[in-house]
Amino acid sequence: DKDVEQFTLAWYQAVTFDRLGETPEASAEAAARSGSLTRAIQTEPRVRALAQNPLLLSVLAMVHQRNVELPRQREKLYEECTTFLLGYWDESKECESATDLAQLGGLTREQKRSLLEPVALRLHERGADGTEIERAELEEQFTKHFMEQGKPRAEAKQRATEILNVIVERSGLLVERSPGVFAFAHLTFQEYLAARAIMDRDDYVKFTLNHLHDPWWREVLLLEAGLLADTRSGEKTARRRTRPFLEGIREAGSWKEAILRRDLLFAVRCLADMETIGVEDDLRQRLTNEAIALWKKTEWD
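Reading guide: rules and limits
- Residues numbered from 1 in each chain as written.
- Predicted model: local features only at pLDDT ≥ 70, side-chain atom pairs only at ≥ 80, totals over all residues.
- Heavy atoms only, no water.
- Buried < 20%, exposed > 50% of the residue type's maximum accessible area, 1.4 Å probe, protein only.
- Helix = DSSP H or I, 4+ residues; strand = E, 2+ residues; numbered from the N terminus.
- Pairing = 2+ DSSP bridges.
- Patch = residues over 30% accessible without salt bridge, like charges linked within 9 Å, V, L, I, M, F, W, Y side chains within 5 Å.
- Areas by Shrake-Rupley, 256 points an atom, 1.4 Å probe, with all protein chains shown as cover.
- Salt bridge = Lys/Arg side-chain N within 4 Å of Asp/Glu carboxyl O.
- Phe/Tyr/Trp six-rings, centres within 6.5 Å; stacked < 30°, edge-to-face > 60°.
- Lys NZ or Arg CZ within 6 Å of the ring centre and 35° of its normal.
- Axes fitted to C-alpha atoms, helices over the stretch in contact; angles between N-to-C directions.
- Parallel < 35°, antiparallel > 145°, perpendicular 65-115°, else oblique.
- Contact = heavy atoms within 4.5 Å.
- Nonpolar A, V, L, I, M, F, W, Y, C, P; charged D, E, K, R; others polar.

Asks: What's the story with the pairing of strand E3 (residues 181-184) in this structure? I'm lost.
Replies: On any regular strand, side chains alternate: one points to one face of the sheet, the next to the other face. The alternating pattern of E3 places Val181 and Ala183 on one face and Phe182 and Phe184 on the opposite face, and all of these are buried. As judged from the two bridges shared by strand E1 (residues 133-134) and E3, these two strands associate in the antiparallel manner. The residue bridging Ile133 from the neighbouring strand is Phe182, located in E3. The antiparallel hairpin formed by strand E2 (residues 174-178) and E3 contains two residues in its connecting segment, where Gly180 sits at a positive phi of about 80 degrees.

This is how it looks when you write it as structure tokens:
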């Protein structure tokens with residue numbers, strides 16, 4: 001934590017002094033901003049884990065600088081980080097415009113992210129020992145993506161190789177662990193992108209229930225909950241997606257639910273990661289009331 005504090009202070013001193021000069025006012029602003037970033041990192045364990053990686057700590061600092069503070073909802077923070085790595089990360093290189101860098105390989109940041117989402121889900125389905133993928137498999141998955149867009153296989157394969165090189169060499173989101181073997185820079189990014197992939201499935205509720213109460217999938221499902229409740233695509237859309245998700249979990253009928261109440265508790269935990277207006281009031285109130293009733297009748301030592 002001391003290393004993080006020292007880094008954030010040095011970061012904001014460099015940024016602020018460059019803008020305002022090395023003045024007492026600039027020193028005070030740098031101290032205040034670095035303190036804000038340090039507190040934001042220390043508040044959330046998942047974010048604190050990201051900050052242990054020097055590259056990702058730098059990304060967190062850049063996201064904080066751009067947004068004044070870190071987004072409080074994890075899925076929005078991870079979105080900022082992945083978007084930054086797939087585009088804004090290269091702004092400091094000055095040799096190319098930010099727009100050109102964001103679209104290297106002919107794809108926008110969002111399109112590159114969409115390309116990585118099924119990769120993340122595929123890796124997560126392999127379990128904790130399967131978080132690496134060989135170049136040939138990555139290129140083949142990208143090739144199929146471009147073929148589905150109507151490109152001949154030879155052209156699709158060439159595009160796949162080009163895009164993979166851009167993502168690996170310029171983003172830092174995928175890292176080469178050993179020659180020809182890749183993984184996401186941090187498990188958090190695999191979890192976040194896998195959650196996005198699940199959310200886009202027609203059978204997202206069924207898929208979710210198939211992994212309910214599996215510790216390996218817990219963070220992915222919580223991120224999925226937050227993504228489903230995101231109202232930027234419309235409040236009605238969010239509510240239409242969150243109702244079957246939450247009701248599916250609540251009515252999952254898990255082993256010894258009458259005693260353990262894991263379905264109810266996880267549904268309520270998902271609520272905590274959802275925008276309030278992204279969930280219909282009656283559903284939110286019903287789950288909340290059930291949780292309160294459970295708490296009132298439970299004997300606590």
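There's plenty left to go through after this.
Asks: Would you explain the pairing of E2 in this entry?
Replies: Pairing analysis gives four bridges linking E2 to E3, with the strands arranged antiparallel. Across the sheet, the residue bridging to Glu176 is Phe182, located in E3.

Asks: Got a minute to help me understand a nonpolar patch on the surface in this structure?
Replies: On the surface, Trp255, Ile259 and Leu260 cluster together into a nonpolar patch covering about 380 Å² of accessible area. The topology assignment puts Trp255 in the loop between helix H13 (235-250) and helix H14 (257-260). You can call Trp255 exposed: its relative accessible area is 60%.

Asks: Looking at this structure, I do not really get the packing of aromatic side chains. What am I missing?
Replies: One pair of aromatic rings is described through two measures. These are the centre distance and the angle between the planes. One pass over the structure, following the stated rule, counts three aromatic pairs. Between Tyr78 and Tyr192, the ring centres sit 6.2 Å apart and the planes meet at 75 degrees, which makes this aromatic pair edge-to-face. Separated by 114 residues along the polypeptide, Tyr78 in helix H5 (residues 74-85) and Tyr192 in helix H10 (residues 187-199) bring together distant segments of the chain. Judged by centre distance (5.8 Å) and plane angle (70 degrees), the ring pair of Phe207 and Trp217 falls under edge-to-face. One end of the pair, Phe207, is in helix H11 (residues 204-210); the other, Trp217, is in helix H12 (residues 215-228), and 10 residues separate them in sequence. Overall, the relative accessible area of 6% leaves Phe207 in the buried class. By relative accessible area, Trp217 is classed as buried at 2%. Here Arg159 stacks its cationic end above the ring of Phe146, 5.1 Å away from the centre of that ring. For the cation-ring pair, Arg241 lies above Tyr204, with the distance from its terminal atom to the ring centre recorded as 4.2 Å.

Asks: Please clarify how the packing of helix H4 (residues 54-67) against H5 should be interpreted in this entry.
Replies: Two quantities define a packed helix pair, namely the angle between the helix axes and the distance between the axes. It is at 10 Å that the axes of H4 and H5 come closest, and there the two elements cross at 105 degrees. If you check the angle between H4 and H5, you find them roughly perpendicular. Residue-level inspection shows Leu56, Val59, Leu60, Met62, Val63, Arg66 and Asn67 of H4 in contact with H5, the latter providing Leu77, Glu80, Cys81, Phe84 and Leu85. Partitioned by chemical class, the residues of the contact of H4 with H5 number nine nonpolar, one polar and two charged.

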